[in-house]
Amino acid sequence: MSDESIFLRALRKENLPIPPIWYMRQAGRYMPEYRAVRKNFKNFLDMCKNPEVCCELALQPIKAFKLDAAILFSDILTIPDAFGLGVKFVENEGPVFQNPIEKVDDIKNLMPFDPENLTYVYEAVTNIKNALPSNIPLIGFCGSPWTLAAYSIEGRSSKDFKKTINFIKENIDESHLFLSKLTDACFLYLRKQVQAGADVIQIFDSWANILDTEDLKNFSFDYIKLLINALKNDSVTSNIPIILFARDPKCSPGALIETSADCLSLYWSMNDFDIQFARNKTALQGNLNPKILLESRDVIKTETHKLLEKFEDFPGYVFNLGHGLTPDICPEKVKYLTELVREY
Ligand code: CP3
């Protein structure tokens, strides 16, 4: 089936005449079709708990732009919610936790993670997979253990996650215990997504940028390595390509490659990433600045051509943005961008 998929071929590091295209946050508020469905739900997570609606939302960008991959419609915060931390999405504030991790006992007394609490996600995966053409793979995903820990301790979004940084410095052992529990949960969760039909996995380390080099290794990448290693050694998930998105990490390309991810998703500011060093070691995805899509068509064209030229001979390149599409972007621009890449 999906052997025909140019997305899977690129993830296997094949050099292709036209790169496969998908966009982070390709389903979301920038689309009027999305907003029409979204207005029926007060709480965003209630919408994620409806597998039929998730299927409809995941397919919207595929229908609109004929993209080369679909991504599960859900959120990374389903795992903390399943741990009983009570995740709510508040308008203009983002996620707010009713029971955040505030003290070491909250970690020690955390209920065991039961992957069956997230059955609604696996049902969404199966619905989406069944609705997709066979040559369009479905990406399942999770947040990295570190990024999930940061939201769970901070209790909300933040620019600098100060509370979280203080907590991990003061409670090193318990923080590692929490990260281990999250790593195990991510493994079970992704395994279930694959059993339900996910063809590819993406791990979002969206808050990698707030750690210095040493902490990044100790609190984030070591756990991502354990997670990838567990997936690569499990008969259900061993052949599933894994993409790692780490937001602007303070580390060498080597440290990212050492995680054993099959593909690295580059943040938009990572323009000095040594792509020659990465050659034949990993596939690469990215990394157009989403803000370019707020510019004129001429600017979009110039910047896109620059990027395509840079990755022209790279074996295993997936066209994407360097972070998610934002609500202020016009769908017409997304359509234009997609055509530009295919016509290049
Ligand atoms: O096409 C897709 O990518 C949709 C699936 C998806 C969502 N979130 C839906 C969503 C995916 C893959 C995510 C990942 C996610 N969620 C990340 C990692 C990616 C990244 O941006 O770095 C993170 C950090 C989250 C946590 C999260 N979810 C926040 C902080 C917020 C609120 C801020 C915001 O952007 O609105 C969300 C909400 C969210 N997740 C929305 C969508 C479509 C918007 C909710 C709404 O419609 O009200």
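Refer to the structure above for everything that follows.
Below is a short write-up of the structure. (Residues numbered from 1 in each chain as written. Predicted model: local features only at pLDDT ≥ 70, side-chain atom pairs only at ≥ 80, totals over all residues. Heavy atoms only, no water.)

**Considering the sheet that holds strand β1 (residues 70-71)**
Spelled out, the test is: A pair of strands is labelled paired if DSSP reports no fewer than 2 bridges between them. Numbering of helices and strands runs from the N terminus, with a helix taken as a DSSP run of H or I at least four residues long and a strand as a DSSP run of E at least two residues long.
Reading across from one edge, β1-β4-β5-β6-β7-β8-β9 is the order of the 7 strands in this open sheet, with parallel pairing throughout. Looking at the sheet topology across the chains shown, the edges are occupied by β1 and β9 (317-321).

**Thoughts on the layout of surface pockets**
The cut-off we apply is this: Of the grid points, spaced at 1 Å and generated over the protein atoms alone, those admitting a 1.4 Å probe that cannot get out make up cavities, while open sets with protein on both sides within 12 Å along at least five of seven lines make up pockets; any residue with an atom within 4 Å of a point is treated as lining. Grid points are joined across faces, edges and corners, and a volume is the space filled by probe spheres set on the points. Each residue gets one of three labels, nonpolar for Ala, Val, Leu, Ile, Met, Phe, Trp, Tyr, Cys and Pro, charged for Asp, Glu, Lys and Arg, and polar for the others, Gly among them.
The computed volume of the largest pocket comes to approximately 1700 Å³. Taken together, 46 residues line the largest pocket, and the ones lying closest to its centre are Arg25, Arg29, Asp75, Leu325 and Pro327. Elements with a contribution of two residues or more to the lining of the largest pocket: α2 (32-38), β2 (87-90) and β3 (94-97). It is α2 that contributes the most residues to the lining of the largest pocket, 3 residues altogether. For the lining of the largest pocket, the class distribution of residues is 25 nonpolar, 11 polar and 10 charged.

**What to know about the nonpolar core**
Our working definition: Buried Ala, Val, Leu, Ile, Met, Phe, Trp, Tyr and Cys residues that are joined via side-chain atoms within 4.5 Å together make up what is termed a nonpolar core. The cut-offs for exposure are 20% and 50% of the maximum accessible area for each residue type, with area from a 1.4 Å probe on protein chains only; residues under the lower value are buried, those over the upper are exposed, and the others partly exposed.
Among the nonpolar cores identified, the biggest contains 132 residues, and Phe73, Ile79 and Phe319 are the most heavily contacted of them. Here this core gets 10 residues from one element, more than from any other, and that element is helix α10 (residues 172-196).

**Overview of the site of the ligand**
Selection rule: We call a residue near a molecule or strand as soon as one heavy atom of that residue lies within 4 Å of the molecule or strand. Counting of polar contacts relies on pairs of N or O atoms within 3.5 Å, with two restrictions inside protein: one atom must be capable of donating a hydrogen and the other of accepting it, and residues adjacent in sequence are counted only when both atoms are side-chain atoms. Exposure was quantified through the Shrake-Rupley algorithm and a 1.4 Å probe, taking into account, for residues, occlusion by the shown protein chains and nothing else.
Around the ligand there are 22 residues in total, and Arg29, Tyr34, Asp75, Ser206 and His323 lie nearest to it. Within the side chain of tyrosine 34, one N or O atom sits 2.6 Å away from an oxygen atom of the ligand. Note that an oxygen atom of the ligand is positioned 2.8 Å from one of the side-chain N or O atoms of histidine 323. If the ligand stood free it would expose 870 Å²; the protein chains cover 87% of that surface. Those elements that provide at least two residues to the shell around the ligand are α2 and β3. A class-by-class count of the residues in the shell around the ligand yields 12 nonpolar, 6 polar and 4 charged.

**Re the side chain of glutamate 174**
To keep it simple, the criterion reads: Positive: Lys, Arg. Negative: Asp, Glu. His and the chain ends are not part of the count. Note on definitions: salt bridges are taken to be side-chain nitrogens of Lys or Arg within 4 Å of carboxyl oxygens of Asp or Glu. Here, two residues are considered to be in contact whenever any of their heavy atoms come within 4.5 Å of each other.
Of note, glutamate 174 is situated in helix α10. There is no salt bridge for the buried glutamate 174, and the closest opposite charge comes from lysine 108, which lies 4.1 Å off by N-O distance. Here glutamate 174 is in contact with Val104, Ile107 and Lys108, once residues within four sequence places are set aside.

**Some details on the pairing of β3**
Here β2 runs beside β3; their pairing, made up of 4 bridges, is antiparallel. What sits directly across from phenylalanine 89, in β3, is proline 95. Where β2 folds back on β3, the antiparallel hairpin that results is connected by 3 residues, among which asparagine 92 adopts a positive phi of roughly 65°.

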